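Structural overview
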Amino acid sequence: MKIYRLLLPLLTFICLHSLAQSKSDQAKQISYQKLKHGIDSKQFHFLARSGTTSRGKTIQLSGGYFIFLGVDSLTVELPFFGTSSQSSHYETSKEDAGISFHTHQFSYKADTTKKGGWDITIQPDNQNSASKINLSISSTGSCRTIVYSNRRSNMSFYGEVLSNFKD
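Everything numeric here is computed off the predicted structure, so don't read it as measured data.

With respect to the overall build of the protein chain
- Each helix and strand counted, the protein chain has two helices and 10 strands in total.
- In sequence order, the secondary structure elements of the protein chain are arranged as α-β-β-β-β-α-β-β-β-β-β-β.
- Within the protein chain, the proportion of its 167 residues that are buried is 33%.
- Considering only contacts within the protein chain whose residues lie at least 6 apart along the sequence, 50% involve residues at least 24 apart.
- When the accessible area of the protein chain is evaluated, it comes to approximately 10,900 Å², of which 54% is carbon and sulfur surface.

Structural data, given as structure tokens:
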């Protein structure tokens, strides 16, 4: 009888712990499916948390920097603090201040990785501040983005990708 009194709390704890783990695994699976649906349908956004130049200088970003991908539109609002390969003029435009544009003309290619994430390549047409954008997205939504330009050094951004679909 004493053995049952000792084993009952232990067995109860084990059952409750496994139930909590299965709910956590279920929530992760739902989050993954939502992210997958957003990537497959080209409807997601990237929120940048930090940026790194090609020389290794990293800056934590306060917010408001993103890449928004709709079915047929691409909006990019990212900072630029690297080096430019062209000489600057006395007057600088808004375009020179960062990587900022909106377009409907771009190519999109998404490939899955072995670990369940995605490698996405976006090539906007006729944009000076970005000629190619690579996103490496993990299955949990964390992301490394590299923005390539013909007239500036490359910039890397780290953050997260979220689907544009509601629950």
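Description of the side chain of Ser 149
- Here Ser 149 lies in the loop between strand E9 (142–148) and strand E10 (155–163).
- Within polar-contact distance, the side chain of Ser 149 engages the backbone oxygen of Asn 128 at 3.2 Å.
- Here Arg 151 takes part through its backbone nitrogen, which lies 3.3 Å from a polar atom of the side chain of Ser 149.
- Setting aside anything within four residues of it in sequence, one finds Ser 149 in contact with Asn 128, Ser 129, Ala 130, Ser 131 and Asn 154.

Considering the pairing of strand E5 (residues 98–103)
- With five of its six residues buried, E5 lies for the most part within the structure.
- Summarising the sheet, strand E4 (residues 74–79) and E5 pair through six bridges and their orientation is antiparallel. Note that in E5 the partner of Glu 77 across the bridge is Ser 100.

Describing the confidence of the model for the protein chain
- Residue-level pLDDT values for the protein chain average 82, and 76% of them are 70 or greater.
- Scored below 50 in pLDDT, residues 89–95 shows five contacts in the model against residues more than four places distant or in partner chains.

Points about the pattern of salt bridges
- Enumeration over the complete set of coordinates arrives at three salt bridges.
- The partner of Lys 36 in a salt bridge is Asp 40, and the shortest N-O contact between them spans 2.8 Å. Note that Lys 36 and Asp 40 are positioned in helix H1 (residues 2–40) at a spacing of four residues, about one turn of the helix.
- For the salt bridge of Asp 111 with Lys 109, the shortest nitrogen-to-oxygen distance reads 3.7 Å.
- Note on Asp 111: relative accessible area 37%, which makes it partly exposed.

Thoughts on the nonpolar core
- Judged by nonpolar contacts, the single largest core of 28 residues is most densely connected at Ile 99, Ile 120, Ile 133, Leu 135, Ile 137 and Phe 157.
- When sequence neighbours within four positions are dropped, the list of residues in contact with Ile 137 reads Leu 35, Ile 39, Gly 117, Trp 118, Ile 120, Ser 142, Cys 143 and Val 161.

Considering unusual backbone geometry
- Even without being a glycine, Lys 42 presents a positive backbone phi close to 55°.
- Counting through the fold element by element, Lys 42 comes out in the loop between H1 and strand E1 (44–53).
- By relative accessible area, Lys 42 is classed as partly exposed at 24%.
- Although it is not a glycine, Asn 126 adopts a positive phi angle of roughly 55°.
- Within the secondary structure, Asn 126 is located in the loop between strand E7 (118–124) and strand E8 (132–137).
- On the basis of relative accessibility, which here comes to 71%, the residue Asn 126 falls in the exposed class.

Observations regarding the pairing of E1
- Burial within E1 is extensive, with eight of its 10 residues counted as buried.
- Relative to E10, E1 runs antiparallel, the two sharing nine bridges. Each residue of the ladder has a partner; that of Ser 50, found in E10, is Tyr 158.
- As paired elements, E1 and strand E2 (residues 58–60) share three bridges and run antiparallel to each other. From the neighbouring strand, Gly 51 faces E2, where its bridge partner is Ile 59.
- Hairpin connection, E1 to E2: the antiparallel pair is bridged by four residues, and Gly 56 has positive phi, about 100°.

Cut-offs used in this document
- Along each chain, residues carry numbers from 1 onward, in the same order as the chain's sequence is written.
- In view of the model being predicted, local features appear only for residues whose pLDDT reaches at least 70, and side-chain atom pairs are presented and counted only at 80 or more, with totals across whole chains, interfaces and linings using the full set of residues.
- Calculation of side-chain values draws on the structure's entire complement of heavy atoms; hydrogens and water are dropped beforehand.
- In this text, helices come from DSSP runs of H or I with a minimum length of four residues, and strands from runs of E with a minimum of two, each type numbered from the N-terminal end.
- We call a residue buried when its accessible area falls under 20% of the maximum for its residue type, exposed when it is over 50%, and partly exposed in between, using a 1.4 Å probe and counting protein chains only.
- Any two residues having at least one pair of non-hydrogen atoms within 4.5 Å are treated as being in contact.
- Surface accessibility in these figures is a Shrake-Rupley result with a 1.4 Å probe; residues are shielded only by whichever protein chains are displayed.
- We call two N or O atoms a polar contact when they sit within 3.5 Å, provided that within protein one can donate a hydrogen and the other can accept it, with sequence-adjacent residues counted only if both atoms are side-chain atoms.
- The criterion for strand pairing is that DSSP finds at least two bridges linking the strands in question.
- Confidence per residue, as judged by the predictor, is encoded in pLDDT with a range of 0 to 100.
- Within this document, salt bridges are pairs made up of a side-chain nitrogen of Lys or Arg and a carboxyl oxygen of Asp or Glu, the two lying within 4 Å of each other.
- Throughout this description, the term nonpolar core refers to a set of buried Ala, Val, Leu, Ile, Met, Phe, Trp, Tyr and Cys residues connected via side-chain atoms within 4.5 Å.

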